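Okay, here's what each chain looks like letter by letter:
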Amino acid sequence: MDDYDLLVVGSANADLVIGVERRPGAGETVLGGDLAVHPGGKGANQAVAAARLGARTALLARVGDDAHGRLLLDAQRAAGVDTAGVLVGGAPTGVALITVDPSGDNSIVVSPGANGRLTPADVRAAAGLFRASRVVSAQLEIPLETVVEVVRALAPGSRFVLNPSPPRPLPPQVLAACDPLIVNEHEARAVLDGSGVGEEPEDWARSLLARGPRSVVVTLGARGALVASAEGMTRVPSVPMAAVDTTGAGDAFTAALAWRLGTGATLAEAAGHAARVGAAAVTKRGAQESFPTAAEVDAPGAVAEAEAL
């Protein structure tokens, strides 16, 4: 046990990014800047973000036997991620089409490709990775039945972190394993399927906890985050930064939080650190290229410490 601080099970995509003055509406065409291709995908992003912070990290994912797949593998290895669990072939590498406006906000369309071929059998074949991992993190850019198998594969004493993105209702066995379930407002409403949502983050967290997660983190953008468990609820303030590109910031937040939980931090402490990491990530363009190292996060004056209110 504990050969890895974090095992990430999830997607690996090539991000095709275009800067636009404004994002197009339905039926509208707008001109953008030059196309840039970056390694991305929520799973691959989380793995790189954790490894940059110093976590011993492994990735279980699937990519195509193509140039985009090689780009992704090279990026993981360069960050220090163990790629023994990355499977190759079965479909082209997944692709995310991303537009970014001048404020740094983005819109994303994902073609899953090989991510959709990451199967429950692949999870079972990776049992050794699960036995060796302190924390396991997943998202929903891979098949839901694969995430269900991830929950079944968890080793005794390991912790499961889930960001349900893109969001959908979740089966009870997945919700019951989450510690925490990490959602934004849109994801919270989707997981709750419109029932008992309420208007305040505390309402969403309370309704989500009633569905079975051991703990919940609601991210609130410029308003910070809310952490909730049976012990109570705590607000974690945001870290003000001038956003250049928000792509991947949520993945950096999740990775930092998952890693810190594995080191023994409380949920509020881990969320405070994750807020610093997510804030640093929005100050640079791209996803993985923007993720900070531990030294960058901890540099005096780089980002103010976020503390639970």
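We now turn to the structure provided with this report. (Residues numbered from 1 in each chain as written. Predicted model: local features only at pLDDT ≥ 70, side-chain atom pairs only at ≥ 80, totals over all residues. Heavy atoms only, no water.)

## Regarding the pattern of salt bridges
Link 1 in the chain: Considering all chains together, one arrives at 13 salt bridges under this definition.
Link 2 in the chain: For E149, the salt bridge is made with R124, and the minimal N-O distance between the two is 3.5 Å. Of this pair, E149 sits in helix α5 (residues 144-153) while R124 sits in helix α3 (residues 120-125), and the two are 25 residues apart along the sequence.
Link 3 in the chain: The partner of E149 in a salt bridge is R152, and the shortest N-O contact between them spans 3.0 Å. Of this pair, E149 and R152 both sit in helix α5, separated by three residues, roughly a single helical turn.
Link 4 in the chain: What makes E149 buried here is its relative accessible area of 10%.
Link 5 in the chain: The exposure class assigned to R152 is exposed, which follows from its relative accessible area of 58%.
Link 6 in the chain: Through salt bridges with shared partners, a single ionic network connects D5, R56 and R134. (Salt bridge = Lys/Arg side-chain N within 4 Å of Asp/Glu carboxyl O. Helix = DSSP H or I, 4+ residues; strand = E, 2+ residues; numbered from the N terminus. Buried < 20%, exposed > 50% of the residue type's maximum accessible area, 1.4 Å probe, protein only.)

## A word on the packing of helix α1 (residues 42-52) against helix α9 (residues 249-262)
Link 1 in the chain: Two elements in contact, α1 and α9, have axes separated by 8 Å at closest approach and are oriented at 55°. What the angle tells us is that α1 and α9 run oblique. Handedness of the crossing formed by α1 with α9: right-handed. In this structure, α1 contributes K42, N45, Q46, A49 and A50 to the contact, and α9 contributes D251, A252, T254 and A255.
Link 2 in the chain: Classifying every residue of the contact of α1 with α9 gives four nonpolar, three polar and two charged. (Axes fitted to C-alpha atoms, helices over the stretch in contact; angles between N-to-C directions. Parallel < 35°, antiparallel > 145°, perpendicular 65-115°, else oblique. Left-handed = near helix turned anticlockwise from the far one by under 90°. Contact = heavy atoms within 4.5 Å. Nonpolar A, V, L, I, M, F, W, Y, C, P; charged D, E, K, R; others polar.)

## Examining the sheet that holds strand β10 (residues 178-183)
The strands that make up a sheet pair up through hydrogen bonds in the backbone, lying either parallel or antiparallel.
Link 1 in the chain: Strand order in this open sheet of nine strands is β5-β4-β1-β8-β9-β10-β11-β12-β13, and the pairing throughout is mixed. Across the chains shown, the open sheet's two edge strands, defined by having one partner strand only, are β5 (86-88) and β13 (232-236). When the angles between neighbouring strand axes are averaged without regard to direction, this sheet yields 15°.
Link 2 in the chain: With three bridges connecting them, strand β4 (residues 57-63) and β5 associate as parallel partners. If you follow A61 over to β5, its bridge partner there is V86.
Link 3 in the chain: Most of the contacts of α9 go to β10, to which it runs at about 160°, and overall it touches β1 (4-9), β8 (133-139), β9 (159-163), β10, β11 (215-219) and β12 (225-229). (Pairing = 2+ DSSP bridges.)

## Brief notes about the side chain of Q46
Link 1 in the chain: Within the element layout of this structure, Q46 appears in helix α1.
Link 2 in the chain: In contact with Q46, other than residues within four places in its own chain, are V8, S137, Q139, D251, T254 and A255.

## Let's talk about unusual backbone geometry
Link 1 in the chain: That bond from S165 to P166 is cis: its omega, -5°, falls within 30 degrees of zero.
Link 2 in the chain: By the secondary structure assignment, P166 is in the loop between β9 and α6 (172-177).
Link 3 in the chain: For the bond from D179 to P180, the omega torsion is 15°, close enough to zero to count as cis.
Link 4 in the chain: With respect to the secondary-structure elements, P180 resides in strand β10.

## Structural notes on the sheet that holds strand β6 (residues 94-100)
Link 1 in the chain: Strand order in the open sheet made by the four strands is β3-β2-β6-β7, with mixed pairing throughout. Each having just a single partner strand, β3 (36-40) and β7 (106-111) make up the two edges of the open sheet. In this sheet, neighbouring strand axes are inclined to one another by 25° on average, regardless of whether the strands run parallel or antiparallel.
Link 2 in the chain: One ladder, built from seven bridges, connects strand β2 (residues 13-19) with β6; its direction is parallel. Considered in β6, the bridge of D15 is made with A96.
Link 3 in the chain: Contacts from helix α2 (residues 67-79) reach β2, β3 and β6 within the one sheet, and its direction differs from that of β3 by about 55°.

## As for the nonpolar core
Link 1 in the chain: The biggest cluster of nonpolar side chains holds 44 residues, and the ones touching the most others in it are L59, V217, V227, F253 and L257.
Link 2 in the chain: Here the element with the most residues in this core is α9; it accounts for eight residues.
Link 3 in the chain: Not counting residues up to four positions away in its chain, the partners in contact with V227 are V216, V217, G232, M233, T234, V236, L267, A268 and A271. (Core = buried A, V, L, I, M, F, W, Y, C linked by side-chain atoms within 4.5 Å.)

## So, the packing of α9 against helix α10 (residues 267-281)
Link 1 in the chain: In contact at an axis separation of 8 Å, α9 and α10 are set at 145° when each is read in the N-to-C sense. Crossing hand, α9 versus α10: right-handed. On the side of α9, the interface is formed by A249, A252, F253, A256, L257, W259, R260 and L261, while α10 contributes L267, A270, A271, H273, A274, A275, V277, G278 and A281.
Link 2 in the chain: Taken together, the residues of the contact of α9 with α10 sort by class into 14 nonpolar, two polar and one charged.

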